[in-house]
Amino acid sequence: MALSGMRGLSVFISDVRNCQNKEQERLRVDKELANIRTRFKNERVADSGGRDLGVGSSHVHSAHGCGGPSFVLDIKCPTVLGLVQLEQMVIMNGMTFLLLRVNFQGLTPYEKKKYVWKMLYIYMLGYDVDFGHMETVALISAPKYAEKQVGYIVTSCLLNENHDFLRLVINTVRNDIIGRNETFQCLALTMVGNVGGKEFSESLAPDVQKLLISSTCRPLVRKKAALCLLRLYRKNPDVVNVDGWSERMVQLLDEKDIGVLTAVMSLLVSLVANNPEGYWNCVPKCVRTLERLTRSQDIPQEYTYYGIPSPWLQVKTMRVLQYFPAIEDPTIRRSLFEVLHRILMGTDVVKNVNKNNASHAVLFEALALVMHLDAEKEMMSQCVALLGRFIAVREPNIRYLGLENMTRMLLVTDVQDSIKRHQAQIISSLKDPDIRLEFSTYNYTVAEPHGLQLLCIRRRSLDLLYGMCDVSNAKDIVEELLQYLTTADFGIREELALKAAILAEKFAPDLSWYVDVILQLIEKAGDFVSDDIWYRVVQFVTNNEDLQAYSAAKAREYLDKPAVHETMVKVAGYLLGEYSHLLARRSGCSPKEIFIIVHDKFPTVTTSTKALLLSAYVKLLMHSQPPEPELQELVLGVFKKYESYVDAEVQQRAVEYFALSRKGASMMDILAEMPKFPERQSALLKKAEDTEGDSAELSATKLRLQQQVSTALVVSDAKPNGASAVPLTRLSSAPRNIDQMGLPEVAPQPPPYANGAVPRAAPATGAAPPAPPAAPAPAPAPSPADLLGDLMAPLAIEAPPGVGPAAAPVASTPASAILALEAPPSAGLAPAPPAAGDSLALALMDGPPQVQPIGSIADWFRSLSIKESGVLYEDPLIQIGIKTDWRGPHGRMFLFFGNKNAAPLTSVKAVVAAPSNLRVQLTTVPEIIPPRAQVQSPLDVVCIHASREVPVLDFSYTSVNVPVSLKLRLPVVMNKFLQATPVSAPDFVAKWRALAGPPTKLQEVDPNPNNIVAAATFYSETGGATLCLIRVETDPADRTQVRITVATPDPTTSFEFKEFIKEQLIEIPYAAAPPPPPPAPSPASMGLTGPAAVLAGLI
Amino acid sequence: MPVAASAIYFLNLRGDVLINRLYRDDVGGNMVDAFRTHIMQTKDLGTCPVRQIGGCSFLYMRISNVYIVTVVSSNANAACAFKFVVEAVALFKSYFGGAFDEDAIRNNFVLIYELLDEIMDFGYPQNLSPEILKLYITQEGVRSPFSTKPQDMRPPANATLQVTGAVGWRREGLVYKKNEVFLDIVESVNLLMSQKGNTLRCDVTGKILMKCFLSGMPDLKLGLNDKIGLEKEAQAKARPSRSGKTIELDDVTFHQCVNLTRFNTEKTVSFVPPDGEFELMKYRITEGINLPFRVLPSIKELGRTRMEVNVKVKSLFGAKMFALGVVVKVPVPKHTAKANFQVTAGRAKYNAALDCLVWKVRKFPGGQTELTMSAEVELISTMVEKKSWTRPPIQMEFQVPMFTASGLRVRFLKVWEKSGYSTVEWVRYITRAGSYEIRC
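Conventions used here
Residues numbered from 1 in each chain as written. Chains lettered and ligands numbered in written order. Predicted model: local features only at pLDDT ≥ 70, side-chain atom pairs only at ≥ 80, totals over all residues. Heavy atoms only, no water. Helix = DSSP H or I, 4+ residues; strand = E, 2+ residues; numbered from the N terminus. Buried < 20%, exposed > 50% of the residue type's maximum accessible area, 1.4 Å probe, protein only. Contact = heavy atoms within 4.5 Å. Areas by Shrake-Rupley, 256 points an atom, 1.4 Å probe, with all protein chains shown as cover. Expected span 1.5 Å × (residues − 1). Bend = angle between axes of the 7 residues up to and from the residue. Core = buried A, V, L, I, M, F, W, Y, C linked by side-chain atoms within 4.5 Å. Phe/Tyr/Trp six-rings, centres within 6.5 Å; stacked < 30°, edge-to-face > 60°. Lys NZ or Arg CZ within 6 Å of the ring centre and 35° of its normal. Axes fitted to C-alpha atoms, helices over the stretch in contact; angles between N-to-C directions. Parallel < 35°, antiparallel > 145°, perpendicular 65-115°, else oblique. Left-handed = near helix turned anticlockwise from the far one by under 90°. Nonpolar A, V, L, I, M, F, W, Y, C, P; charged D, E, K, R; others polar. Pairing = 2+ DSSP bridges. Buried area = accessible area lost by both parts, 1.4 Å probe. Salt bridge = Lys/Arg side-chain N within 4 Å of Asp/Glu carboxyl O. Polar contact = N/O pair within 3.5 Å; in protein donor to acceptor, adjacent residues only side chain to side chain. pLDDT = per-residue confidence, 0-100. Patch = residues over 30% accessible without salt bridge, like charges linked within 9 Å, V, L, I, M, F, W, Y side chains within 5 Å.

(A) Quick peek at the overall build of chain B. Check the secondary structure of chain B and you find eight helices and 23 strands. Counting across all 440 residues of chain B, residues that qualify as buried make up 44%. Restricting the contact set of chain B to residue pairs at least 6 apart, pairs at least 24 apart contribute 70%. As presented, chain B carries roughly 23,100 Å² of accessible surface, and 51% of it is formed by carbon and sulfur atoms.

Below you can see the structure in the form of structure tokens.
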């Protein structure tokens, strides 16, 4: 830069450098800017005052007579737009130089240069320079080199491709490019390359291309032309015309000059990346070039770097070759492999750092190429051996590269076995404390702070370990990782924990080991265990019954330790809340003791954990039925205390649980054990993939990798329990969050079983619910389409052969309720897989157009018969909800039809067929339900006399030309017309006695404390209010038998009631040994089990 | 008494510590690094004077080219801390002879350490009165007791007794040959006026400064034409108050020497003054303000590269008075290239650092005089097309002696002393511009 002599400029720069602080600097810069503005302005004034008129008029005379006046005006007021117009007009007449010379009359070239340099300096200091571009651009067309250079440099810094000003110079630049002056050509090409706008591409690319292939140009210019073209092509590949360039590239690759060849190769990399097919004919040339380089034939001295012939060109050539799929031609392939072999063999670690860097760059590119080409096994193992040598080297850079490439190699090819030989070495580089010492000597080669670099090495070795892990060595590796976790750098711990968790999950020989590993993980590095990890544990445990007791016991053990991490408290709280009742027999595991242990941690944890623990407490309480008074007192005390807690979530939970724990039966419903989670890809894997994504660069190898099928398939014993895990829609009566238990990651939340089914029987119910005769849909609830996808993938691979479609017909016949009753509770798992397979098979047979309900219609019906509101029916298109209100013999029912679809539902029809005992009136339902809308229609019901008949809703609709018609039973069951009547015990006995024998009283019993009795009034239009007395007897020793007695003044009512209750009880699946009975709310309630509780719920 | 500071740092603009003093152990010695890295080197500096980093609060202010940072870790009284800093700076200024900047600090390290020890103890502010401190912290060297000169044998003032006595702010036994009192009423006018001449915001903050050179222990009584005082007087004398303007003072604060009980009962300002210079009272007035100037701007943008600025300034005070140092700053767009001026008085030029046309008039005559400045501004065309100019308001600076914007007057200043000497009282008025802004 010809700065010598520009005193003003150097004074300014030294002024700025001497500024004490930013403020002074700004003042100085502002002053200078004002000065420059004044200078530029002065000169403009001089221009427009003096000469422009002359030019304008001469111009007018020469060309556009009519355009004259406006043109003169433009010059007087040189706005950007005006100038652009002006410029275009002038260019048309080839008068560029004239105009631009005119524009700069006021300042000497020296001054121009000086001010523009100052502007550039100010711009580089970070200040806005939003004027003076005109002057800069004008300098480009100056005839002298010094001015032209300033113009080009400042333009390429100050202006970006979108500036209008660039349009002014296109013509000048083009003249420079096609001109004969080589220095001007170089300047112009550099500027075009730096700015590289669309307009430049459009108007200059052909010239640049011509320059590249011209034989008369010096290599220097052609080099620049190649790079300029590369840049233009990268920016706008669609604008630069490269048709027919494959031939030219072949010619260009024959170039003898290495410099030009390197530039051309860069261009080729870019061209090939966009369109590998078109450049096949370049492959032999590339191989030839590579050969020439490796044999050091005909390489000028200036292109050898530490004895290596142009490492840059070698790397680029190999990069090009990686874009082509495997090379077929045997001769080329052979010579290529020969070259590669030569590179692999010829490289060694030497003393000189720069030489090492160069040779390793070549080597690693060669390795990448070897991987890409799928070389024979021998060569691969050669590579691995080489990398193994690198890993053993103490120099961190080389070790890093060795590890990284080994990881890549692992992903591409089948060399696991040979890599495994280096396992010990890799583990040692994960932990090696000596690396740190080693480092100081090499510090100067390392750009990053060395702590970071260290971490990189560790991270790479971790990646490699992660990649090479399989079933055979998983246990060792995971144990190594766990051991290392306590001493690892903080930066790496989170990743370490995540990877250990994934490996444990992927390759667990048995699941209890998995649980052990994760709990250890949480213990050792609690801070670094993300929530996803423990969510995953919970999912596994929930889905595997055999694991539940074990993990609960483990969690309990961990809680005993003095310092427990919060994540551990979370996971233990959850597991103990859900499953501690399985441990009840062990010493020190009574609900109360568990509560005390867990509550010990309560004060120190955060609010989110507090909320979770509250849920755990209420579950503990629920599981210990009949409630231990002490425990109840403790737990209720906690709830009471937190009813006024500052955090809304905790407070709400406390209030709701407190209220719930007094609810008895309904508490049981709501707090039932969590159903199984639908099988899904581990969120951890996704997370791990995300973190990997940004680290490695996108090379051809990587691209190919992505096309391969992910090897990470979750192997687990957990069979997706399709039918039982199918999410029912949430029942609105369940309080918010109760079923979530702090598992936000689990998206579709299956609610607890509304019918009060005890957990162990749950799969059985799911598998064989009795199909209502009226409903056309098949009994086991098939899944919606999206869920099906989830289910099918794992099933297809993992389901045992017996559970295939073959099992479907058996299961699809609606199993009777008795069958469900007889299913032994321990067989909980057994019926489940058929159900899953069944739903799958059904979906396959029915084909997609059939609209299937999501869940079981019978289940919905049953839950609605004891609830006031809920879902009656749901399929992927529509959801029908019900809300009811009963008063004496009258009832009002609201049917909500919600369209879940983006398309409207048409020809909607709903007709209710009422049986003789009821009078039903339905208001009309609109014919069309708009997308994502809900319509409601009220339904009035009057009970005429007692009967078990229920009305049937005949409902049909059409969505996108698929007609669907349904027959749904409406839950207008007898108990809806009952109202609890408080009756004192002697009163009850008196009334009981008063109603003599059949047919009014249908069974005789003896007084017994184990019985429960209930009194209610049945309202109907004909009978008015009828008192009903019910007595249920069970044998305390064996609660499988129940005797019911119903007494009412009216024989039909008695009969109907007896039948109705019987029906309801039989449908209820049998409760297994430790059923958690909720307290019955009826006045005569005593702690009674299963059926009684349901009965109480009914009444 | 609230804690005001755990440590005090004086930093220059680069963030180097010039001097510091730790008063408590609850902050680390390197806390100032946190200030440097988290506050000074970010752009937030200046938005909020109190910042919290890592459990410590940083209260800072910039005075000339020095940052004064107080660091506290407890829940300190921020107002107290700032008041302390302001007072300390005033104290330093009185010791250094008016200047307080980096150089002054560098030149007075020993003195500042001595003062810092004295004015705060374990985080609690102590006596900051320069008069008292100057009694025993002196800038002169200590004379040898064997000095032969008899006049130097004057016994040192009993500082302890002085500070803890009933009139802590005044020394006994002062004798002046000529007993004089100087009273200055200094007001600054804050104004924001809309384009059309409507007053959007207007208030006056004033203070009464005194300089006393009185012998003995005089008792002074000051009478102003303020509303409360006059009414009280009228009541006491059972006669209607004299006609004339009465002023309603808001937010009056007094120097500690003013006897507040007597002020509450009799509504008179009576006090035993400290020796030398002090600020007797401060007040604020929001109603009935006489504006000293009226500004009539007209700014026209002629096309993209030219602007015409025309500013007319009219004096509204009495014809016998005049304003000094009148500066009118008319903002112009950032890409101003040059400006041509025509002024009826004074001088005008374009200041690029401020992005303003600055018009200075040294002496502005009163009595409805109108002066104008008109300028033709040329702008340079820029790349940025759409950035419209957000016309900032015109700012004005001035000083008008013998004029009070509030109309406040001293009615009397009486001095009683046992010896009954006669005193000379001097009263001055001056009005300055605070933030005097006119939108254009």
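(B) Inspection of the overall build of chain A at higher detail. Check the secondary structure of chain A and you find 48 helices and 14 strands. Within chain A, the fraction of its 1099 residues that count as buried is 55%. Expressed as a percentage of contacts within chain A between residues at least 6 apart in sequence, the contacts between residues at least 24 apart total 71%. Carbon and sulfur atoms provide 55% of the accessible area of chain A, an area that totals close to 46,800 Å².

(C) Inspection of the environment of Val638(A) at higher detail. Residue and element names in this part refer to chain A. Along the chain, Val 638 falls in helix α34 (residues 629-642). Considering only alpha carbons, one finds Val 638 and Phe 658, 20 residues apart in sequence, at a separation of 9.2 Å. Residues in contact with Val 638, not counting those within four places in the same chain, are Phe 595, His 599, Leu 614 and Tyr 617.

(D) Helix α12 (residues 198-213) of chain A, seen in detail. All names here are of chain A. When the terminal C-alpha atoms of α12 are compared, their 22 Å separation across 16 residues agrees well with the 22 Å that a helix rising 1.5 Å per residue should span. Of all bends in α12, the biggest is about 55 degrees, found at Leu 204, and the proline Pro 206 comes one to four residues later. Three or more residues of α12 are buried, namely Phe 200, Ser 201, Leu 204, Ala 205, Asp 207, Val 208, Gln 209, Leu 211 and Leu 212. Tucked inside the fold, the buried residues of α12 contact α10 (165-178), α11 (182-195), α13 (219-235), α14 (245-252) and α15 (258-274).

(E) Highlighting the nonpolar core. By size, the foremost hydrophobic cluster in this structure holds 191 residues, and its most contacted members are Met249(A), Leu268(A), Leu340(A) and Tyr617(A). It is α15(A) that provides the largest number of residues to this core, a total of eleven residues. The contact partners of Leu268(A), leaving out residues within four places of it in the chain, are Met249(A), Leu253(A), Tyr279(A), Cys282(A), Cys286(A) and Val320(A). Listed in part, the 74 residues of the second largest apolar core include Ile285(B), Phe293(B), Leu379(B) and Leu408(B).

(F) Layout of the packing of aromatic side chains. A complete count under the given rule lists 30 aromatic pairs over all chains for this structure. When the ring of Tyr642(A) is compared with that of Tyr645(A), the centres are 5.1 Å apart and the planes differ by 50 degrees; the resulting orientation is tilted. When its relative accessible area of 9% is taken as the criterion, Tyr642(A) is described as buried. An aromatic cluster of three or more residues is present, and its members are Phe293(B), Phe317(B), Phe364(B), Phe398(B), Phe403(B) and Tyr436(B). For Lys134(B), the ring lying beneath its charged end belongs to Tyr95(B), and the centroid distance is 5.6 Å. A cation over an aromatic ring shows up here: Arg409(B) above the ring of Tyr429(B), its NZ or CZ 4.5 Å from the ring centre.

(G) Spatial organisation of the packing of α34(A) against helix α35 (residues 648-660) of chain A. All names here are of chain A. Where α34 meets α35, the closest approach of the two axes is 8 Å, and the angle between their N-to-C directions is 135 degrees. Relative to α35, the element α34 is oriented oblique. Note on packing geometry: the crossing formed by α34 with α35 is left-handed. The segment α34 lies against α35, with Leu 636, Phe 639, Lys 640 and Tyr 642 engaging Val 650, Gln 651, Ala 654, Tyr 657 and Phe 658. Across the contact of α34 with α35, the residue classes break down as seven nonpolar, one polar and one charged.

(H) Representation of helix α18 (residues 330-346) of chain A in the model. Residue and element names in this part refer to chain A. Counted at 1.5 Å a residue, the expected span for α18 with its 17 residues is 24 Å, and the 24 Å between its end C-alpha atoms agrees. Within α18, the full set of buried residues consists of Ile 332, Ser 335, Leu 336, Phe 337, Val 339, Leu 340, Ile 343 and Leu 344. Next to the buried residues of α18 lie α16 (283-294), α17 (311-322), α19 (353-373) and α20 (377-392).

(I) Region of the structure containing the sheet that holds strand β22 (residues 410-416) of chain B. Residues and elements named next belong to chain B. Read across the sheet, three strands follow the order β12-β10-β22 without closing on themselves; strand pairing throughout is antiparallel. Each edge of the open sheet is held by one strand with a lone partner, namely β12 (269-271) and β22. When strand polarity is set aside, the average angle formed by the axes of neighbouring strands in this sheet is 15 degrees. Relative to β12, strand β10 (residues 219-224) runs antiparallel, the two being bridged by three bridges.

(J) View of the sheet that holds strand β7 (residues 918-922) of chain A. All names here are of chain A. Spatial strand order, β3-β4-β5-β8-β7: five strands in an open sheet with antiparallel pairing. Each edge of the sheet is formed by a strand with only one pairing partner; in this case those strands are β3 (869-874) and β7. The sheet shows a mean angle of 25 degrees between the axes of neighbouring strands, direction not considered. Across five bridges, the pairing between β7 and strand β8 (residues 934-943) is antiparallel. Opposite Arg 919, over in β8, you have Val 942 as the bridge partner. Relative to the sheet, helix α45 (residues 857-865) contacts β3 and β4 (878-887), its axis offset from that of β3 by approximately 165 degrees.

(K) Quick peek at the environment of Leu116(B). Residues and elements named next belong to chain B. Secondary-structure assignment places Leu 116 in helix α4 (residues 109-119). For Leu 116, a relative accessible area of 1% puts it in the buried group. With 96 residues separating them along the chain, Leu 116 and Asn 20 place their C-alpha atoms 9.1 Å apart. In this structure, Leu 116 is in contact with Phe 10, Arg 21, Tyr 23 and Phe 92, ignoring residues within four places of it in sequence.

(L) Main features of the packing of helix α28 (residues 511-524) of chain A against helix α31 (residues 566-579) of chain A. Residues and elements named next belong to chain A. One can describe the packing of α28 onto α31 by two numbers: an axis separation of 8 Å at closest approach and a directional angle of 145 degrees. Touching Leu 519, Ile 522 and Glu 523 of α28 are Thr 567, Met 568 and Val 571, all from α31. The residue makeup of the contact of α28 with α31, split by class, is four nonpolar, one polar and one charged.

(M) Spatial organisation of the interface of chain A and chain B. Across the contact, 24 residues belong to chain A and 22 residues belong to chain B. Buried area between chain A and chain B, summed over both chains or domains, comes out near 1,900 Å², and the portion from carbon and sulfur atoms is 55%. The largest share of the area that chain A buries against chain B comes from Arg37(A), Lys41(A) and Asp130(A), three residues that together contribute 33% of it. In this structure, the connection of chain A to chain B is made through two salt bridges. If you look at where chain A meets chain B, you find six residue pairs in polar contact (both at pLDDT 80 or more). If one sorts the elements of the side of chain A that touches chain B by residue count, helix α2 (residues 22-49) of chain A sits on top with 13 residues. The residue inventory of the side of chain A that touches chain B, partitioned by class, reads nine nonpolar, seven polar and eight charged.

(N) Here's a closer look at the pairing of strand β14 (residues 293-302) of chain B. Residues and elements named next belong to chain B. Across ten bridges, the pairing between β14 and strand β15 (residues 306-315) is antiparallel. Of the residues in β15, the one forming a bridge with Phe 293 is Ser 315. In this structure, the hairpin formed by β14 and β15 is closed by a connection of three residues, where Gly 303 is found at a positive phi of approximately 70 degrees.

(O) Spatial organisation of the pattern of salt bridges. Throughout the structure, instances matching the rule amount to 37 salt bridges over all chains. With a shortest N-O distance of 3.2 Å, Arg62(B) and Glu23(A) are connected by a salt bridge. Here Arg62(B) is found in strand β4 (residues 56-63), whereas its partner Glu23(A) is found in helix α2 on a different chain. For Arg62(B), a relative accessible area of 37% translates into the label partly exposed. Here Lys334(B) ties to Asp30(A) by a salt bridge, and the two come within 3.7 Å at their closest N and O atoms. Separated into two different chains, Lys334(B) in the loop between β16 (322-331) and β17 (336-343) and Asp30(A) in helix α2 make up a pair that spans both.

(P) Layout of the confidence of the model for chain B. Residue and element names in this part refer to chain B. When pLDDT is averaged along chain B, the result is 86; 90% of the residues meet or exceed 70. Helix α6 (residues 159-164) is the least confidently modelled element of chain B, averaging 67 in pLDDT, while strand β21 (residues 394-401) averages 95, the highest of any element. The ipTM for the predicted assembly is 0.71, set against a pTM of 0.54.

(Q) The arrangement of the pairing of β10(B) in detail. With six bridges connecting them, β10(B) and β22(B) associate as antiparallel partners. Pairing of Lys221(B) across the sheet is with Lys414(B), part of β22(B).

(R) The arrangement of a nonpolar patch on the surface in detail. A cluster of nonpolar side chains, Phe109(B), Val110(B) and Tyr113(B), forms an exposed patch at the surface whose accessible area comes to about 280 Å². By the element assignment, Phe109(B) lies in helix α4.

(S) Structural view of unusual backbone geometry. A positive phi is found at Ser310(A), a non-glycine position, where the angle reads about 30 degrees. Following the sequence through the fold, Ser310(A) ends up in the loop between β2 (308-309) and α17. On the accessibility criterion, Ser310(A) (1% relative accessible area) is buried. You will see that Met402(B), though not glycine, has its phi angle at about 60 degrees, which is positive. With respect to the helices and strands, the residue Met402(B) is situated in the loop between β21 and β22. Among the residues examined, Met402(B) registers a relative accessible area of 40% and is labelled partly exposed.

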